[in-house]
Amino acid sequence: MSKNFTVTSFLNAKGKKEKITMLTAYDYSMAKILDESGIESILVGDSLGMVVQGYNSTLEVTVDDMIYHCRAVARGVKNAMIIGDMPFLSYHISVEESIRNAGRIIQEGKAQAVKLEGGIEVVDKVKAIRAAQIPVMGHIGLTPQSVNVFGGFKVQGRHVEQAQKLIEDAKALETAGVFAIVLEAIPENLAKIITESVNVPTIGIGAGKYCDGQVLVTNDLLGMYSDLSPKFVKQYANLSEVIKEAVKQYANEVKSVEFPEAKHAFSIEDSVLSKLY
Ligand code: KIV
């Protein structure tokens, strides 16, 4: 398997000041479309708990769910690098479990890297997974698996102590061996300081323009998920409306017997047909 975009490409892009593109995907068809559109990296995010499974947080997602969706995405992707999220509790219990779960996402899920949430407190897990030859992406700021600790999906890093902690987290993750760090929902100028403080690229979502790359949840970008609408989302299409119009037209045509037409049906020889009556 040789991919156009790899962990090396992440580091090279930062060196060349070229912005990195990343979007989420959870299934074969969407992954294929994103890959054919030239997206460099695809995150099989545990956001699937919300936008695919319909939960109100990411906390219910399991390692088996991640593997199922990573495998589907991998079948559709030729060039983009695939990063599989480590779900809640898959890297919190012990170093051994963290390595095993990360390994399953790579071996069974066919991802090329894993992502996990947290800073200094997960450094031991990052080091151990890296030592097992698995590339790791960090994720700090509004880490959705901590929603109950944060008391909701709230912007992080607005106060001095919180902001300083995030800078220290980023440096600790870099030292532990991550190849990139997602910065979610933090002030733009804090993201700038973090981006300038580490040699690995930062990938922003709600973290402003100074990050080395950007990621969005594809369902948000395409207007296919309306339960939450964070300020940082730019909706590039309204596929919900397009889909609803198409479905209404289909239902009307079924009722009025305009669909299916002759070109959608299969024929049978008259000689065979006559024997059936
Ligand atoms: O799960 C996810 O999709 C993510 C992105 C929002 C970064 O972690």
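The coordinates are above.
Residues numbered from 1 in each chain as written. Predicted model: local features only at pLDDT ≥ 70, side-chain atom pairs only at ≥ 80, totals over all residues. Heavy atoms only, no water.

### Focus: the overall build of the protein chain
Helix and strand content of the protein chain: 12 helices and 8 strands. Burial statistics for the protein chain: of 277 residues in total, 47% are counted as buried. Taking the contacts inside the protein chain whose residues are at least 6 apart along the sequence as the reference set, 58% of them involve residues at least 24 apart. Accessible surface computed for the protein chain: about 14800 Å², of which carbon and sulfur atoms make up 54%. Within the protein chain, one finds 29 positive and 33 negative side-chain charges whose respective centroids are separated by 4 Å. (Helix = DSSP H or I, 4+ residues; strand = E, 2+ residues; numbered from the N terminus. Buried < 20%, exposed > 50% of the residue type's maximum accessible area, 1.4 Å probe, protein only. Contact = heavy atoms within 4.5 Å. Areas by Shrake-Rupley, 256 points an atom, 1.4 Å probe, with all protein chains shown as cover. Lys, Arg positive; Asp, Glu negative; His and termini not counted. Charge placed at Lys NZ, Arg CZ, Asp CG, Glu CD.)

### A closer look at the side chain of Thr-58
Here Thr-58 is to be found in the loop between α3 (48-51) and α4 (63-76). Setting aside chain neighbours within four positions, we find Thr-58 in contact with Asp-46, Ser-47, Met-50, Pro-144 and Gln-145.

### With respect to the sheet that holds strand β6 (residues 180-184)
Pairing is parallel around the closed barrel formed by 8 strands, whose spatial order is β1-β2-β3-β4-β5-β6-β7-β8. Taken pair by pair, the neighbouring strands of this sheet meet at an average axis angle of 25 degrees, ignoring direction. Helix α5 (residues 95-107) rests against β3 (81-85) and β4 (113-115) of the sheet, and its axis sits at about 130 degrees to β4. (Pairing = 2+ DSSP bridges. Axes fitted to C-alpha atoms, helices over the stretch in contact; angles between N-to-C directions.)

Interpretation in functional terms is not warranted from these geometric data alone.
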